[in-house]
Amino acid sequence: MRKQPGYRAMSKRRKPGRAWLARHIDDPYVKRARAHGYRSRAAFKLIEIDARDRLIRPGMAVVDLGSAPGAWSQVLRERLARPGGAGIDGRIVALDLLPMEPIADVTFLQGDLRDEATLRQLAATVGGPTLDLVVSDMAPNLSGVAAADAARMIDLVELAVAFALAHLKPDGALLVKCFHGSGYSQLVELFGHSFVRLAVRKPKASRAGSAETYLLGRSPKATAVPAGAAMQGGAGLDAS
Ligand SMILES: C[S@@+](CC[C@H](N)C(=O)[O-])C[C@H]1O[C@@H](n2cnc3c(N)ncnc32)[C@H](O)[C@@H]1O
């Protein structure tokens, strides 16, 4: 029963220890997040990856999986904002198990991506291959048992890949959080089968001791088959 480095069991939500609190208070990304009004320091992970990979552009249709508390959706909204506060140029759909405080111009669905009903609802909102970008910062509730936690993470990444393959445009991209541990090479292989281009990103805002890593796939391969017919269909999510 070995714990993965950087894994913090979230299912048993104990009070954070003194060391964690001290690190959190001193964390420059936490301070910057507060100063910018972002809901979490996670915002800077997406900002950093976007600065390098130029993922988010006005006019895009984007889905944010595992969106709560909402920092990535805030960043997406900023990037798609029309000048003068006139809404956004594009569309953002966000999904999480947990509730999320509303963000202007972001359509939020609450549900578990592993549930058929949620998948159908998301598919109906998004429609066919209309998306330019899918981002997933989903992380499972961790038990601390490495093999079980790795399996849960793999499950979430596979679901994000299947969803993305069903809904991305031919030049679309998928950015997914995973953990560099057991099952990691399996996920890299999955991305290799699914996308024409693959990159691995570890933003500075991602804590150095954490196993967290991001996989970026661009241009779904025509030969990659999305799993699950429930992911298809519904009305189109139009960026215009
Ligand atoms: C690290 S947080 C995401 C932080 C978010 N990117 C932000 O910037 O605020 C991971 C989220 O994934 C969500 N999540 C985990 N499993 C999920 C699932 N099966 N379906 C939907 N959301 C899930 C959790 O509820 C949690 O809010």
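Computed from a prediction, not measured in an experiment: that's the story for all the values here.

Would you mind going over the packing of helix H3 (residues 43-53) against helix H4 (residues 71-80) with me for this structure?
For any two helices packed against each other, one specifies the crossing angle of their axes together with the interaxial distance. Following both chains from N to C, one finds H3 and H4 inclined at 40°, their axes separated by 8 Å at the closest point. Between H3 and H4, the angle falls in the class oblique. Crossing handedness for the pair H3 and H4: right-handed. Contacts from Ala-43, Leu-46 and Ile-47 in H3 reach Ala-71, Trp-72, Gln-74 and Val-75 in H4. Tallied by class, residues from the contact of H3 with H4 come to six nonpolar, one polar and no charged.

Would you mind showing me how to read the packing of helix H6 (residues 146-167) against helix H7 (residues 184-194) here?
Remark: H6 packs on H7, axes separated minimally by 11 Å, with the N-to-C direction vectors making an angle of 5°. Taken together, H6 and H7 sit at an angle that is classed as roughly parallel. Judged by residue contacts, Ile-154, Val-157, Glu-158, Val-161 and Leu-165 of H6 engage Gln-186, Leu-187, Leu-190 and Ser-194 from H7. Partitioning the contact of H6 with H7 into residue classes produces six nonpolar, two polar and one charged.

Rules of the game
- Residues numbered from 1 in each chain as written.
- Predicted model: local features only at pLDDT ≥ 70, side-chain atom pairs only at ≥ 80, totals over all residues.
- Axes fitted to C-alpha atoms, helices over the stretch in contact; angles between N-to-C directions.
- Helix = DSSP H or I, 4+ residues; strand = E, 2+ residues; numbered from the N terminus.
- Parallel < 35°, antiparallel > 145°, perpendicular 65-115°, else oblique.
- Left-handed = near helix turned anticlockwise from the far one by under 90°.
- Contact = placed C-beta atoms within 7 Å.
- Nonpolar A, V, L, I, M, F, W, Y, C, P; charged D, E, K, R; others polar.

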